[in-house]
Structures are given as C-alpha cells and as structure tokens.
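# Reading the structure
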Amino acid sequence: MTTAQRPERSVPKPQFTDAEAGAQEFPDSGASARRYNYYKPAKRKQTHYEDVTVDVQPDPRHYLAQGWIYGFADGSRGYPLTWTKLKAWGVDKPEPENGVGTGNNHVEEWPAHGWHEFRDPNEEWEMTFYRYNANVVRQTTQNVENARQAKAFDNWTANWKTFVERNVGAWMHIEHILGLYVFAAINRSCPTNMHNTAMVVNSMHKIRFAQDLALYNLTLSEEIEGFDGTAHLDAWNNDAEWQGVRKVVEALTAVDDDWGEMAFATNVVFEPLIGELFRSNLVQQAAAGNGDFVTPTVIGAGEYDYSQRDLRWTQACFGPLTQDKEFAAYNKELMQGWLSHWVPLCLEAARALQPLWSQPDAKPPRFEDALDRAKSRFAGIVTELGLEPPKELSQ
Amino acid sequence: MAKAHQKIQELSWEPQYHEPYMKYGTDYTFRKAAKKDPLKQVLRSYFPMQEEKDHRVYGASDGAIRGNMFRQVQERWLEWQKLFLSIIPLPEVSAARSMPMLFHVVPNPELHNGQAIQMIDEVRHSTIQQNLKRLYMNNYIDPAGFNNSLRNFHSDYCGTIGRQFAEGFITGDAITAASIYLTIVAETAFTNTLFVAMPAEAAANGDYLLPTVFHSVQSDESRHISNGYATLLMALSDEDNRQLLERDLRYAWWNNHRVVDAAIGTFIEYGTKDRRKDRESYAEMWRRWIYDDYYRSYLVPLEKYGLVIPHDLIEESWKQIWEKGYVHEVAQFFATGWLANYWRIDAMTDTDFEWFEYKYPGWYDKYGAWWENYNRLAVPNGHNPIVFEDVDYVYPARCWTCMVPCLVREDMVMADIDGVTRTYCHEVCRWTDVEAFRPTYQGRETPNMGRLVGHREWETLYHGWNWADVVSDMGFVRDDGKTMTAQPHLDLNPKKMWTLDHLRRCPPCGSPNVIINELDAAGKAAFLADYNKQGPAGRPAPASA
C-alpha cells in the first residue's frame, strides 16, 4: 500500500522574530515611550478617547510645516478659525510664515485654549459610539415589539392616537433636519478633530432618533386601525402650531457662515426651550394618562441623547470660551447677542405650540407650567456657561 | 427593510421659510437628474451591524495580544506601518468632513441619508485605525515612530504626500473633491489595494491585526461606492457636466495613482519578507484589483452613458508600474532619504533580489547594485548616510502637484508659474496644476475649482540646514536625545544605530527647487535636458549625453 504524497502547500511560513515589547533594551524601549507623546492630556493621564482623536487633524499653528496643500477658490484653506465669530486665545496671531530655510517654525505656545483643548466629556469614538447606539436601537425595538405583542396600543384614548400621528410624527422632521443640516453640515467647518467627532455623533443621535420615530410611526400604522401614517406630513407642512417651530428649525440651518452659532443656538437655546418643552414637558407627561406607556420609551431615548450627552459636549465646547484669557468679554458679548436673537424666536414658536396641550383627552400639566420649567432649565444652562439669561426670557 | 427605507424617505425636507446656508459650491449642475438612493440603509439595522463588526475586531485584538502575535511579526513590515498608520486616519476623517459638502450641491435628500451614514463610517475608520496604531505602539518591540506619529506626519515630507490625498477630499469644487476624487476614484478603485491587497501582505508577515481592522473598514466601502455611483449617474444626466467629469476623472485618477501606488506599492513590495514565487506582486495585484475590477468592470461600462473614460491614463499608470519601475523608484527614494524619516527601512537581501528579478525581469540590473550599496552603508562606520555617498544616485526634484519626487526622470517637465519655476513628475501633474486647478478650464468659467497651495516642497524649508538640526527640528530623535528614530537597518543594538553626531558632519540639506530657480533660462533648459536623461534608479545622465 502506498501513501499518496500531497504537494506542499504554498503558504507564508510563520517565523519567530522576537519583535514583542520588552524583548531588547535600546533608546525608546522604556515604558514611557509607549504613549502618544505629541499632545498634552486634559487630565493627568491620557485617555483612550484622546489617543484616538487628538491631533489627527493638522494645524499650521502646530506641527504643519508645509501648510495646507489645497485651497478654495476664494483663497481659504483647511479649517479657518474664522469660520465662526467666536474667538479662542491666540486666534488673531498670524500663522507662522514658512519659506526657504525657515524649518518648521514651531509655535511654542500655540493657540490652544478653547479650540485645541476641547475634549468631549462623553469621550465618544468608534467603540463607544456603536455600543451606545446599538443598545438604544435594541432597547427601542424591544419596547415597541413588546407593546405590539401585548396589544398595548389598544389602550390608547381616541384623541391620543391623533396626537401621536400628527404631533409626535411632526417631531421626526425636526430631529432629521437638525441632524442632517445643522450638525452634519457643520462638521466640515469646525476647527479640530475633537469638535467634528462630537458633532458627527450629535448628528447621528438626531438622525437615528428621527428614524426611530418614523419606524415607530410605521408600526403604529400597522397596529392601530385608522392610524394615518402620513398625517405627520400634513401637520409639519400645514398645522399652525408647528409653523413657528419649523421657521426656527429652518433658520438654524440658514445661519450665515458660523458653525459656532448654529451649534450654540440649537443645543443651548432651541433644545431646552422647544425640544425639552415638547418631548419632556408634553409628550412624556401626557402619555401615561392617555393609556400610552410606549411612546415615552421612544421619545425618552432621544431625550437622553440630548440631556445626558449632546448638552454635555456643548457645555464643554462653549463654556471655556466665556473664560478665555484673551477673548472672554468678546465671546460673552457675542453669545449674549445670539441669545437675544434666538430666545425670542424660540419663545414665540413655543407659545404657538400651546394648543397641543389641550388635544389629549387626559390633560398634561398646564402649558405655562411646562414653559416655566423649560425656561428655568434654559436659564440654568446659560448661567453655567457664564452667561446671563437674556431679558427676552421674561417675555 | 424596503418598507422601512421607504418610510424614512418621508423625512425628506423641502425648506419653506429659510434656505440652508450654502457654504460649498460646485460648477456642476443637476437640473435633469433622476433622484434615487441606492443604499437603502436605516440606522436601526446599521448600528447593531457595525457593533457586531466591532466585536470581531476587538476580539481579534485581544487574541493577538494574549497569543503574543508580536513574537512573530516581521519588523520589516511593521516599520512601514509607522508611516501608513500616521497618514491614513486623516484621509478617513477628512472623508467624514467632505460629506456635508455634498448636501447642498447634490439636490437629492434621499442621498443625504447615505452620505450621513458614510460620514459616521469615516469617523469609525479614523478612530479604529488610530487604535490599531496604539496597539502596535504598546506591544511591538520599537514604539518610536508610532508614539509620535501624528506630529511626525504633520511635518515630514512623506506624510505631506499623504496629506494632500486627504485635503483633496475637502477643498475646492464640492463634486470634484467629495464625489469624483473621493468616492468615485479613491474609494471605488484604490481602496482595493489599500484595504484588500495590503492586509493579505500583512498576514503573510505575521500581522493578522491589520487585516482584521482593514477588512472591517473595507466592508463599509460598498456603501460609499454606492454614494459615488448615484452622484455620478445624476451628474451624467446633465450634458454640461461632461467636460468637468472628464477633467475630474483625469485629475483624480492620476493623483490617486501617483500617491496610492507610491505608498501601497512600496509597503507591499519592500515591506514584506514573503518571497514565495507564487505570491502576487504589486503589479499583479494592481492588474487584478484596479485594472480588471475597477477599470474594466466599473469604468468602461459607463461609456454607454457617453462618459469619456481616461483610457490613456489608465494605460499610462500601468506602464509606469510595469515598464518604468514606478514603485521601485519610490521605494529606493524612501530608502535614500531614510534619515529624514521616522521608521526603520530594512535592506533588501539576495532572497529579495531573486524574487524581484523573477517578478520584474531586469530588476537587478536597474536596482540591485544600489541596494547592495544600501546594505553596505547601513551601519555607521566612518561613512555618511547613503544619500551623501557616491552610489550613482541623483537626488530628485519634487513634483509640485502630487509631491512625490520626479522619479521617472524621462517624464519630468517644468513650468513657470508666478515667476517661479516648478517641476512636475509627469505631464499630467503639470496639467493638473497649470490647467485643471484654475478659474477657467478650456475657456469655461470654473469659479469653484480649488487651488494647489502651500509649501509643497519639503526640502525648501530646510535648504542650507545641517542635517542634525533638520532631524532635531522635526523631532525624530529617541529618548536619549541623540539616537535617531529612523535607521537604515533593523538592528536595535545602540552601537549600530545612527545618532545626530553622525549627521552633524554631513553636507547641508539642499533643495533642488531653490537651486533650479537660481539658474538662468539656459541653465534651466540644460538642467531639464540632463534630468530627462537620468535614470533608471536615479543614475546620473551618461557622460556622453
């Protein structure tokens, strides 16, 4: 009996190279060499989030010896710090002028405060972001599926069905527009990688929430007899209650070339005065009384995005600018001006929502009380930023 | 899923009261375009899918560390990753930032959804790649070069070549940058070699982490390719766009070829220890992944829509790789300039020579002697680094456009712009600067087209400097304050490593561009004529020429 010889397979041969950490001693083999050494951590120890986000994007005022390589037709290049009227220390100092024989021309004490020192307190990067959002998706899906199985929608009062199909439905458009045309849009303009990562994450929270609401609406269309899955379009396009909010939301996308104002006006002004007013102080308060324990879980996921995460990066981004060692007074005056512009618009839009409080069969707490809570919440946010609640708030 | 996707189209928004601020412009028009989103992705399925992919990546990372993968990693390979992983996170995050440039210029709300998903994908890629580098830094024998990679990348001549790849996505005409350059050429064509061919080589060199991470990245690219294809079809609907499409395909193809083939070709051919004869060469991989898969299967079929395909440039790119030794010239240049780098470059051995000769007949006659000299001069022993020694190599001029040096000497051309003479590695790079990136193109107003700017020649910044000061200024020095991060060999014995003291005695850094511009017209013409007769392998022009 003979044994057939198999031809030798052509595969790379593993080789022991002894190329693991600590196998030899030489300059830079010590433990201190095993950390990214080009940036100063915000706290004593470098965080995983900082390691994967800080300084990915270059800056001519830091190490970028050869400057930006491409320019726009109007001469602007890269990420100009002038793409917001806000200022951080050193922003008016000229970029180093490199040329023949200048070398890198290092800026020793380069403008950092407020821009390059910004860190997202949520420490969002790839791993955290997908875990968080996948968990939200799972939780929301399970909640809705459980309600569907339990026929929970049968318990809704008659007018609540209409309220959800029109008004909760209308809200999806707001989240979608803010996600796509405010936060995604300004991720191109902001000055550091930490800023744009925070804004992309904020953007995706909003788009996900908008889609959560849309798909919830689809489920309701299938589960509730007579539920009009397109009523949200009519409400959004035509209802007087929503046109004020729509004007403000569209105005937020139309801010004239200032990513800082867009983010500030949305997360500091619009969200507490209108977003939380509607989500927390109306839908969340009214649902249970109308037999609905499901909608609050869908809305609550979006509310958590804002109140526990998106607001946190916003405060960490804008707060230091009101204490900037060079431009604190300037930034405060600018932001107070933004407050004076946006607060009356939001209050007017909020008041236009008042009739919604009367629509459910089981009434939520009074509109004026809800608005007072929203104003109080807003005043707290503004004060924490080192700003004064504007006089327009008392209107 | 189709029902869910259909439902979220109800979110599409037409403004009633205020138009969004238009920050980024294009010279393209989309008046007649049909609007469809080919992607049909909703976030409810997207997030759990991506999380699952992450679980696999981090599980593999954990396994690699527990199994001490680094005991069997080829240093030759991992040293080149110090360059690659410095560069690649910026193009990724720039791609994230390029997506909103399309929101206003592509009037298709359905497509914005796909672009937004690409946006977060790109943030994912950037941070997962930074994390891979962090893992190498912590577990590979020599952390130097990983630990200061972003600072190095920002100031070093190789990094800047890669950076122009990233800036090409985010600046200038929004469609040129974010659609044609990024999604239609870089992602659809060249990620095949970046994220498919290169991981195979990593695995052959004992590194199965890079394949794990980069295949996870590549699996997102199909979404991005769909975005690009949908925009391309929209653009094709409007006859006025043809001229711009043809311009942009030529620019984007050539620039991608110059930059990506230079980098990835070098990593694959000169960073590997796998010299099995049946292992594909970069040229073979290029033929498969780019020529067959992209050119023949994707680009050529677009001719039925009347699109003029740059057949000539694709054939010329192939000629550069196969006949003109483009990748070999680039690898040789990187090694010539090893002292300006921040990673270690291993010499080629007889085994490597045999493989190169087998795969690229005639290789040894062109490059063999130079690599033998490189090996001879690798350890400091009274001589200078190879760039200062007489090894029949002329330091090349820099290409103003792609920023890779003018290595195929016969192709170098020059142009006078704003009173300054610029050198270009090829006629197409001259065309890109002198004709494509201009406010008018073939008599047509192109007010949104970007500009090539910046200090595009690294050597100019250090003209006249002592090399010890150059390396110190760039920060490419180890923790003893004198040993260089870069070395022309893999021996970590401190006695075998080059220090700043060795560099102090070398001639100063000289910029070819400064020297050219000091010549009169006749001198420049003579310089060009001599340069065109140089090579291959950087050899001086024959004395009889």
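Given the structure is predicted, the values throughout are model-derived calculations rather than measurements.

### Describing the overall build of chain A
The helix and strand tally for chain A stands at 10 helices and one strand. Seen through its principal axes, chain A has C-alpha atoms that stretch 90 × 75 × 40 Å. Looking at chain A as a whole, 61% of its 395 residues are labelled buried. Summed over its atoms, the accessible surface of chain A is roughly 15,200 Å², and 49% of this surface lies on carbon and sulfur atoms. Of the charged side chains in chain A, 38 are positive and 54 negative; the average position of the first set lies 3 Å away from that of the second.

### Side note on the overall build of chain B
When you go through chain B residue by residue, the secondary structure sums to 21 helices and five strands. Its C-alpha atoms give chain B a radius of gyration of 24 Å, near enough to 24 Å, the size a compact globule of 545 residues would have. Looking at chain B residue by residue over its 545 residues, the buried ones come to 67%. Excluding contacts between residues fewer than 6 apart, the proportion of contacts in chain B whose partners are at least 24 apart in sequence is 77%. Element-wise, carbon and sulfur atoms account for 51% of the exposed surface of chain B, whose accessible area totals about 16,700 Å². Taking the 58 positively charged and 72 negatively charged side chains of chain B as two groups, their mean positions are separated by 3 Å.

### Digging into the packing of helix 6 (residues 240-253) of chain A against helix 7 (residues 259-287) of chain A
Residue and element names in this part refer to chain A. The interhelical angle for the contact between helix 6 and helix 7, taken along N-to-C directions, is 160 degrees, at an axis separation of 10 Å. What the angle tells us is that helix 6 and helix 7 run roughly antiparallel. Our pair here, helix 6 against helix 7, has a crossing hand that is left-handed. The segment helix 6 lies against helix 7, with W242, V245, V248, V249, L252 and T253 engaging M262, A265, T266, F270, I274 and F278. Counted by class, the contact of helix 6 with helix 7 contains 10 nonpolar, two polar and no charged residues.

### Comments concerning the packing of aromatic side chains
Aromatic rings considered in pairs are described by the distance between their centres and by the relative angle of their planes. Residue and element names in this part refer to chain B. Within the structure shown, the criterion is met by 77 aromatic pairs over all chains. Site record: aromatic cluster; members linked through ring pairs are Y270, F353, W355, F356, W363, Y364, Y367, W370, W371, Y374 and Y393. Between R247 and the ring centre of Y441, over which it is positioned, the NZ or CZ distance is 5.7 Å. One cation-aromatic arrangement involves R275 over F356; the distance from NZ or CZ to the ring centre is 4.7 Å.

### Comments concerning the interface of chain B and chain A
Residue-level contacts link 122 residues of chain B with 112 residues of chain A. Summed over both partners, the interface of chain B with chain A buries about 10,500 Å², with 59% contributed by carbon and sulfur atoms. Across the contact surface, chain B and chain A share five salt bridges. The salt bridge partner of E126(A) is R124(B), with a shortest N-O separation of 3.5 Å. At the boundary of chain B with chain A, the tally comes to 69 residue pairs in polar contact (both at pLDDT 80 or more). By residue number, the principal contributor to the side of chain B that touches chain A is helix 5 (residues 109-139) of chain B, which donates 20 residues. Here the residues of the side of chain B that touches chain A sort into 56 nonpolar, 35 polar and 31 charged. Pairing of strand 1 (residues 70-71) of chain A with strand 5 (residues 451-452) of chain B, which is carried by two bridges, proceeds in the antiparallel orientation. Bridge assignment links Y70(A) to a residue of strand 5 of chain B, and that residue is L452(B).

### Thoughts on the packing of helix 6 of chain A against helix 9 (residues 328-352) of chain A
Residue and element names in this part refer to chain A. The contact between helix 6 and helix 9 brings their axes to 6 Å, and the two run at 155 degrees. Here helix 6 lies roughly antiparallel to helix 9, going by the angle between them. When you trace helix 6 past helix 9, the crossing you get is left-handed. Residues E241, G244, V245, V248, A251 and L252 of helix 6 lie in contact with helix 9, whose contacting residues are W342, L345, C346, A349 and A352. Here the contact of helix 6 with helix 9 is composed, by residue class, of nine nonpolar, one polar and one charged.

### Considerations on the domain arrangement of chain A
Residue and element names in this part refer to chain A. Partitioning chain A into domains gives domain 1 (54-117) and domain 2 (126-394). The distance between the C-alpha centroids of domain 1 and domain 2 comes to 35 Å. Each partner contributes to the interface: domain 1 provides 23 residues, whereas domain 2 provides 28 residues. A combined buried area of about 2,200 Å² lies between domain 1 and domain 2, and 59% of that area is made up of carbon and sulfur atoms. Across the contact surface, domain 1 and domain 2 share one salt bridge. D258 serves as the salt-bridge partner of K85, at 3.4 Å between the closest nitrogen and oxygen. Linking domain 1 to domain 2 there are nine residue pairs in polar contact (both at pLDDT 80 or more). Here the side of domain 1 that touches domain 2 is composed, by residue class, of 11 nonpolar, seven polar and five charged.

### Re the pattern of salt bridges
Using the criterion set out here, one finds 65 salt bridges over all chains in the structure. Salt-bridge contacts for K7(B) lead to E10(B); the nearest nitrogen and oxygen are separated by 2.8 Å. Owing to a relative accessible area of 5%, K7(B) belongs among the buried residues under this scheme. The closest approach of N and O atoms between R76(B) and D352(B), which form a salt bridge, is 2.8 Å. Taken together, the residues R76(B) in helix 3 (residues 75-87) and D352(B) in helix 14 (residues 350-359) connect sequence positions 276 residues apart. Residue R76(B) shares its accessibility class with D352(B), and that shared class is buried. Salt bridges linked by common partners bring E126(A), K53(B), D54(B), D121(B), R124(B), D220(B) and R223(B) together as one network.

### Some remarks on the nonpolar core
Core analysis: the largest hydrophobic core is formed by 319 residues, its most contacted members being W242(A), F264(A), V269(A), F270(A), F84(B), W253(B) and W371(B). Here this core spans two domains, and each of domain 1 (54-117) and domain 2 (126-394) of chain A adds at least three residues to it. For F84(B), the residues in contact, after removing those within four places along its chain, are L194(B), F195(B), M198(B), F214(B), I264(B) and F267(B).

### Concerning helix 10 (residues 367-384) of chain A
Residues and elements named next belong to chain A. With 18 residues, helix 10 should cover 26 Å at 1.5 Å per step; its first-to-last C-alpha distance of 26 Å lies within 8% of that length. What helix 10 keeps buried is the set F367, A370, L371, A374, K375, F378, A379, I381 and V382. Contacts made by the buried residues of helix 10 are with helix 7, helix 8 (295-318) and helix 9. Two residues or fewer past helix 10, G386 is found with a positive phi of approximately 85 degrees.

### Structural notes on the pairing of strand 2 (residues 420-424) of chain B
A regular strand places its side chains on the two faces of the sheet in alternate fashion. Residue and element names in this part refer to chain B. With four of five residues buried, strand 2 lies mostly within the body of the structure. Two elements, strand 1 (residues 413-417) and strand 2, share five bridges in a ladder whose sense is antiparallel. Opposite D416, over in strand 2, you have T421 as the bridge partner. Where strand 1 hands over to strand 2, the hairpin turn is made up of two residues, of which D418 adopts a positive phi near 50 degrees.

### With respect to unusual backbone geometry
At the junction of G535(B) and P536(B), the peptide bond is cis and its omega measures out at -5 degrees in the coordinates. Relative to the helices and strands, P536(B) resides in the segment after helix 21 (521-532). Of note, the phi angle at E123(A) is positive, near 50 degrees, even though the residue is not glycine. Relative to the helices and strands, E123(A) is located in the loop between strand 1 and helix 2 (126-149).

### So, the side chain of D156(B)
Residues and elements named next belong to chain B. In this fold, D156 is placed in the loop between helix 6 (149-155) and helix 7 (157-167). With no salt bridge to any partner, buried D156 finds its closest opposite charge in R398, at an N-O distance of 8.2 Å. Among the polar contacts listed, one links the side chain of D156 to the backbone nitrogen of G159, at a separation of 2.7 Å.

### A word on the environment of E246(B)
Residues and elements named next belong to chain B. Within the secondary structure layout, E246 lies in helix 10 (residues 242-270). Look at E246 and you get partly exposed, because its relative accessible area is 34%. A sequence separation of 64 residues divides E246 from P310, and the C-alpha atoms of the two residues are 7.5 Å apart.

Reading the values: rules and limits
- Residues numbered from 1 in each chain as written.
- Chains lettered and ligands numbered in written order.
- Predicted model: local features only at pLDDT ≥ 70, side-chain atom pairs only at ≥ 80, totals over all residues.
- Heavy atoms only, no water.
- Helix = DSSP H or I, 4+ residues; strand = E, 2+ residues; numbered from the N terminus.
- Buried < 20%, exposed > 50% of the residue type's maximum accessible area, 1.4 Å probe, protein only.
- Areas by Shrake-Rupley, 256 points an atom, 1.4 Å probe, with all protein chains shown as cover.
- Lys, Arg positive; Asp, Glu negative; His and termini not counted.
- Charge placed at Lys NZ, Arg CZ, Asp CG, Glu CD.
- Rg over C-alpha atoms; globule rule 2.2 N^0.38 Å.
- Contact = heavy atoms within 4.5 Å.
- Axes fitted to C-alpha atoms, helices over the stretch in contact; angles between N-to-C directions.
- Parallel < 35°, antiparallel > 145°, perpendicular 65-115°, else oblique.
- Left-handed = near helix turned anticlockwise from the far one by under 90°.
- Nonpolar A, V, L, I, M, F, W, Y, C, P; charged D, E, K, R; others polar.
- Phe/Tyr/Trp six-rings, centres within 6.5 Å; stacked < 30°, edge-to-face > 60°.
- Lys NZ or Arg CZ within 6 Å of the ring centre and 35° of its normal.
- Buried area = accessible area lost by both parts, 1.4 Å probe.
- Salt bridge = Lys/Arg side-chain N within 4 Å of Asp/Glu carboxyl O.
- Polar contact = N/O pair within 3.5 Å; in protein donor to acceptor, adjacent residues only side chain to side chain.
- Pairing = 2+ DSSP bridges.
- Domains from an automatic or database assignment.
- Core = buried A, V, L, I, M, F, W, Y, C linked by side-chain atoms within 4.5 Å.
- Expected span 1.5 Å × (residues − 1).

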